[in-house]
Amino acid sequence: MSSQIVRSASRAATARSLLSASKNSRFYSEGRAVSAAAAVTFSGKLPYLVSSFGRAGSSTASRSWLSGAIAIPAAAYTLQEQEVHAAEMERTFIAIKPDGVQRGLISEIISRFERKGFKLVAIKIVVPSKEFAQKHYHDLKERPFFNGLCEFLSSGPVIAMVWEGEGVITYGRKLIGATDPQKSEPGTIRGDLAVVVGRNIIHGSDGPETAKDEIKLWFKPEDLVNYTSNAEKWVYESN
């Protein structure tokens, strides 16, 4: 009996260590270290274990608890995987401006981000007030075109979005193209779909701090969805 207690305590300590380490580790780039930790620590002891991509088993099995010194629902691993995975990703704010909406370019623009492999985690359509537009462009308030910029953003519906992925801020800007469509490379959104700088159809965050501020301005925390896309193993997983 005493030896069983010692082994159980050892398993529990190992599991806690692996679970903690997974939060800051790229043990699996997709954030699945927790499932691996469980499989190693409780080898032969699991009545059910969520698969690496979170597919559910039977309803009875999904409520099973791991046997041994610690009791953790199998479903908890799915949540932990998603949290670890989300921590490795960055998010950016992307807005299709009124000209892009009026020209019917919503699906075209979204498809370019999707085809790249980025994941949409928030979206809404809104007509911002001029005061709200001024908050969005606050860093340009000393520029002579500030007032016209705010009037245009508030002139019609805007598609506000948050996209997630590795390098999404930097590469999102590359997808968008230069501010002046005449200087944008062919293949970019502005290079292909816009002509003049005053109607350049899309906005994208230019850095991590800007992305954080703009997402906070346009969305509430509960508007952002954390989920694992079935396509992610084909986008990020290494052989």
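Residues numbered from 1 in each chain as written. Predicted model: local features only at pLDDT ≥ 70, side-chain atom pairs only at ≥ 80, totals over all residues. Heavy atoms only, no water.

- The name that an unreviewed UniProt entry assigns to the chain is Nucleoside diphosphate kinase, with the source organism given as Citrus sinensis.
- The Sequence similarities (unreviewed entry) field of the UniProt record for the chain holds the comment "Belongs to the NDK family."
- Under the Subunit (unreviewed entry) heading, UniProt states for the chain: "Homohexamer." (UniProt positions renumbered as here; feature names shortened; annotations may be inferred.)

1. Section: the overall build of the chain
Part 1 of the argument: If you tally the helices and strands in the chain, you get eleven helices and four strands.
Part 2 of the argument: Within the chain, contacts between residues separated by at least 24 positions form 74% of all contacts whose residues are at least 6 apart in sequence.
Part 3 of the argument: For the chain, the accessible surface area stands at approximately 13200 Å², while carbon and sulfur atoms represent 53% of it. (Helix = DSSP H or I, 4+ residues; strand = E, 2+ residues; numbered from the N terminus. Contact = heavy atoms within 4.5 Å. Areas by Shrake-Rupley, 256 points an atom, 1.4 Å probe, with all protein chains shown as cover.)

2. Comments concerning the sheet that holds strand 3 (residues 158–165)
Part 1 of the argument: An order of 2-3-1-4 is seen for the four strands of this open sheet, with the pairing classed as antiparallel. With one partner strand each, in any of the chains shown, strand 2 (119–126) and strand 4 (202–204) form the two edges of the open sheet. Taken pair by pair, the neighbouring strands of this sheet meet at an average axis angle of 20 degrees, ignoring direction.
Part 2 of the argument: With three bridges joining them, strand 1 (residues 90–96) and strand 4 adopt antiparallel strand pairing. By the bridge assignment for strand 4, alanine 95 is matched with histidine 203.
Part 3 of the argument: Packing of helix 5 (residues 106–116) onto the sheet brings it into contact with strand 1, strand 2, strand 3 and strand 4, and relative to strand 3 it is tilted by some 10 degrees.
Part 4 of the argument: Sheet contacts for helix 10 (residues 208–218): strand 1, strand 2, strand 3 and strand 4; angle to strand 1, the most-contacted strand, approximately 60 degrees. (Pairing = 2+ DSSP bridges. Axes fitted to C-alpha atoms, helices over the stretch in contact; angles between N-to-C directions.)

3. Re the side chain of serine 184
Part 1 of the argument: Structurally, serine 184 can be placed in the loop between helix 8 (168–176) and helix 9 (189–193).
Part 2 of the argument: What makes serine 184 buried here is its relative accessible area of 10%.
Part 3 of the argument: Reaching out from serine 184, the side chain makes a polar contact with the backbone nitrogen of alanine 178 at a distance of 2.9 Å.
Part 4 of the argument: The contact partners of serine 184, leaving out residues within four places of it in the chain, are Gly177, Ala178, Arg190 and Gly191. (Buried < 20%, exposed > 50% of the residue type's maximum accessible area, 1.4 Å probe, protein only. Polar contact = N/O pair within 3.5 Å; in protein donor to acceptor, adjacent residues only side chain to side chain.)

4. Looking at the UniProt feature "active site" (unreviewed entry) in the chain
Part 1 of the argument: The UniProt feature table records "active site" (unreviewed entry) at His203.
Part 2 of the argument: For histidine 203, a relative accessible area of 15% corresponds to the buried category.
Part 3 of the argument: In contact with histidine 203, not counting residues within four places along its chain, are Phe93, Ile94, Ala95, Lys97, His136, Ile176, Arg190 and Glu214.

5. Topic: the environment of leucine 153
Part 1 of the argument: Examined against the element boundaries, leucine 153 turns out to sit in helix 7 (residues 146–153).
Part 2 of the argument: For leucine 153, a relative accessible area of 3% puts it in the buried group.
Part 3 of the argument: For leucine 153 and phenylalanine 132, which are 21 residues apart along the polypeptide, the C-alpha to C-alpha distance reads 9.4 Å.
Part 4 of the argument: Setting aside residues up to four positions removed in sequence, leucine 153 forms contacts with Lys97, Pro98, Pro128, Ala133, His136, Tyr137, Val158 and Trp218.

6. Some words on the packing of helix 5 against helix 8
Part 1 of the argument: One way to put it is that helix 5 packs onto helix 8 with a least axis distance of 11 Å and a crossing angle of 135 degrees. Overall, the two elements helix 5 and helix 8 adopt an arrangement that is oblique. For the element pair helix 5 and helix 8, the recorded crossing hand is right-handed. Touching Arg112, Phe113 and Lys116 of helix 5 are Tyr171, Gly172, Leu175 and Ile176, all from helix 8.
Part 2 of the argument: Considered class by class, the residues forming the contact of helix 5 with helix 8 number four nonpolar, one polar and two charged. (Parallel < 35°, antiparallel > 145°, perpendicular 65-115°, else oblique. Left-handed = near helix turned anticlockwise from the far one by under 90°. Nonpolar A, V, L, I, M, F, W, Y, C, P; charged D, E, K, R; others polar.)

7. Overview of the nonpolar core
Soluble globular proteins tend to pack their nonpolar side chains together in the buried interior.
Part 1 of the argument: Formed by 20 residues in total, the largest nonpolar core has its most connected members in Ile109, Phe113, Trp163 and Ile202.
Part 2 of the argument: Where this core is concerned, the elements lending two or more residues are strand 1, helix 5, strand 3, helix 8 and helix 9.
Part 3 of the argument: The dominant element in this core, judged by the number of residues it contributes, is helix 8, at four residues.
Part 4 of the argument: Excluding residues within four positions of it along the chain, isoleucine 109 makes contact with Ile96, Ile189, Ile201 and Ile202.
Part 5 of the argument: One finds Phe93, Ala95, Tyr137 and Phe146 within the second-largest nonpolar core, a separate group that totals 15 residues. (Core = buried A, V, L, I, M, F, W, Y, C linked by side-chain atoms within 4.5 Å.)

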